Amino acid sequence: MANEFYITQKGLDELKEKLNILKVVKRPEASERIKQAREYGDLSENAEYDAAKDEQAMIEAEIKKMEAQIENAVVIEEVQGGKTVTIGCTVTLLDLTYDEEEEWTIVGTSEASFSEHKLSNDSPLAKAIIGKKKGSVAEVTDVAEPYKVKIIDIK
């Protein structure tokens with residue numbers, strides 16, 4: 001698949017719902033605003049018309065983006081007790097520089113959230129640990145200050 005888009009089933013369901021809202025609610029609302037703005041007269045100096053057209057263009061771009069993501073979606077299966085780090089697993093890491101443990105779930109880029117400890121599969125840390133086994137040490141290099149982590153557990 002060209003441009004694979006990794007996402008959990010829950011994330012895919014949410015993406016489809018957002019797309020539906022854009023198509024069924026937001027798109028018609030934007031069209032109605034354009035129609036109303038046309039009624040104000042001269043389109044060359046009509047700020048409401050320009051704003052409505054800009055909004056419509058943003059909605060259409062977002063629809064196109066979401067449709068491409070859904071078309072190229074690769075659903076991440078939630079992994080439990082795997083032998084190696086993969087997308088969809090939760091991994092406990094020990095930062096060897098600061099002697100701190102953290103737990104991260106590796107997800108697709110669109111679902112990544114630092115505050116929820118969801119790590120993008122495209123992040124330097126995920127790239128360093130994917131494919132490694134419990135007990136392995138990985139070096140994170142595509143960052144300003146490279147560091148090493150030890151894989152404590154894979155769930």
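1. Considerations on the overall build of the protein chain
Helix and strand counts for the protein chain stand at three helices and seven strands. When the helices and strands of the protein chain are listed from N to C terminus, the series reads β-α-α-β-β-β-β-α-β-β. Seen through its C-alpha atoms, the protein chain measures out along the principal axes to roughly 70 × 30 × 25 Å. In the protein chain, which comprises 155 residues, the share counted as buried stands at 32%. Across the protein chain, the fraction of contacts at a sequence separation of at least 24, relative to all contacts at a separation of at least 6, is 49%. When the accessible surface of the protein chain is split by element, carbon and sulfur atoms take 48% of a total near 9900 Å². Across the protein chain, the mean location of the 21 positive side-chain charges is 6 Å away from that of the 32 negative side-chain charges.

2. Here's the deal with the pattern of salt bridges
What the rule picks out here adds up to six salt bridges. Put simply, Glu60 and Arg27 hold a salt bridge, and the shortest N to O gap is 2.8 Å. Taken as a pair, Glu60 in helix H2 (residues 47–71) and Arg27 in helix H1 (residues 9–38) lie far apart in primary sequence, 33 residues in all. On the basis of relative accessible area, Glu60 is assigned to the partly exposed category, the value being 30%. Across the salt bridge formed by Lys134 and Asp153, the nearest N and O atoms sit 4.0 Å from each other. Here Lys134 is found in the loop between helix H3 (124–129) and strand E6 (137–140), whereas its partner Asp153 is found in strand E7 (residues 147–154), with 19 residues between them in sequence.

3. Details of H2
For H2, with 25 residues, the first-to-last C-alpha span of 36 Å sits near the 36 Å given by 1.5 Å per residue. Inspection of H2 places Tyr49, Ala52, Gln56, Ile59, Ile63, Met66 and Gln69 among the buried residues, and these make up the whole buried set. Buried residues belonging to H2 abut strand E1 (5–8), H1 and strand E2 (73–76).

4. What to know about the confidence of the model for the protein chain
Taken as a whole, the protein chain shows an average pLDDT of 91; of its residues, 95% reach a score of 70 or greater. The lowest-confidence element of the protein chain is E1, averaging 87 in pLDDT; the highest-confidence one is H3, averaging 97.

5. Some remarks on the sheet that holds strand E5 (residues 118–120)
Spatial ordering of the open sheet is given by E5-E4-E3-E7-E6, a layout of five strands whose pairing is mixed. Looking at the sheet topology across the chains shown, the edges are occupied by E5 and E6. Neighbour-to-neighbour, the strand axes of this sheet turn through a mean angle of 45 degrees, independent of strand direction. Two elements, strand E3 (residues 90–95) and E7, share five bridges in a ladder whose sense is antiparallel. Note that in E7 the partner of Leu94 across the bridge is Lys150.

6. Regarding the side chain of Asp95
Tracing the backbone through its elements, the reader meets Asp95 in strand E3. Buried charged residue Asp95 carries no salt bridge. Nearest counter-charge: Lys148, at 11 Å. Among the polar contacts made by the side chain of Asp95, one reaches the main-chain amide nitrogen of Tyr98 at a distance of 3.2 Å. Look past the residues within four positions of Asp95 in its chain and what remains in contact with it is Glu100, Tyr147, Lys148 and Val149.

7. Some thoughts on the side chain of Asn121
Following the sequence through the fold, Asn121 ends up in the loop between E5 and H3. For Asn121, a relative accessible area of 10% corresponds to the buried category. Residues within four places of Asn121 in sequence aside, it is in contact with Tyr6, Ile87, Ile106, Val107, Gly108, Thr109, Ala126, Lys127 and Ile130.

Cut-offs used in this document
Chains are numbered independently. Their residues run from 1 in the order of the written sequence. At least 70 in pLDDT is required for a residue's local features to be given in this predicted model, at least 80 for side-chain atom pairs to be given and counted, and no such filter applies to totals for whole chains, interfaces and linings, which use all residues. Each side-chain value is derived from all of the structure's non-hydrogen atoms; neither hydrogens nor water enter the calculation. Numbering of helices and strands runs from the N terminus, with a helix taken as a DSSP run of H or I at least four residues long and a strand as a DSSP run of E at least two residues long. In this scheme, a residue with accessible area under 20% of its type's maximum is buried, one over 50% is exposed, and one in between is partly exposed, where area comes from a 1.4 Å probe on protein chains only. Here, two residues are considered to be in contact whenever any of their heavy atoms come within 4.5 Å of each other. Calculation of accessible area relied on Shrake-Rupley with a 1.4 Å probe; when residues are assessed, cover is drawn exclusively from the protein chains displayed. None of His or the chain ends enter the tally, which takes Lys and Arg as positive and Asp and Glu as negative. For the purpose of locating charges, the reference atoms are NZ of Lys, CZ of Arg, CG of Asp and CD of Glu. Every case where a carboxyl oxygen of Asp or Glu lies within 4 Å of a side-chain nitrogen of Lys or Arg is listed as a salt bridge. To estimate the expected span of a helix, count its residues, drop one, and scale the result by 1.5 Å. What pLDDT conveys is the predictor's confidence in a given residue, as a value from 0 to 100. Strand pairing is defined by DSSP finding a minimum of two bridges between the two strands. In this description, a line fitted to the C-alpha atoms serves as the axis of each element, helices being fitted only across the stretch in contact, and the angle between N-to-C directions of two axes falls anywhere from 0 to 180 degrees. Under this definition, polar contacts are N or O atom pairs within 3.5 Å; protein pairs additionally need one hydrogen-donor-capable and one acceptor-capable atom, and for neighbouring residues in sequence, both atoms have to be side-chain atoms.

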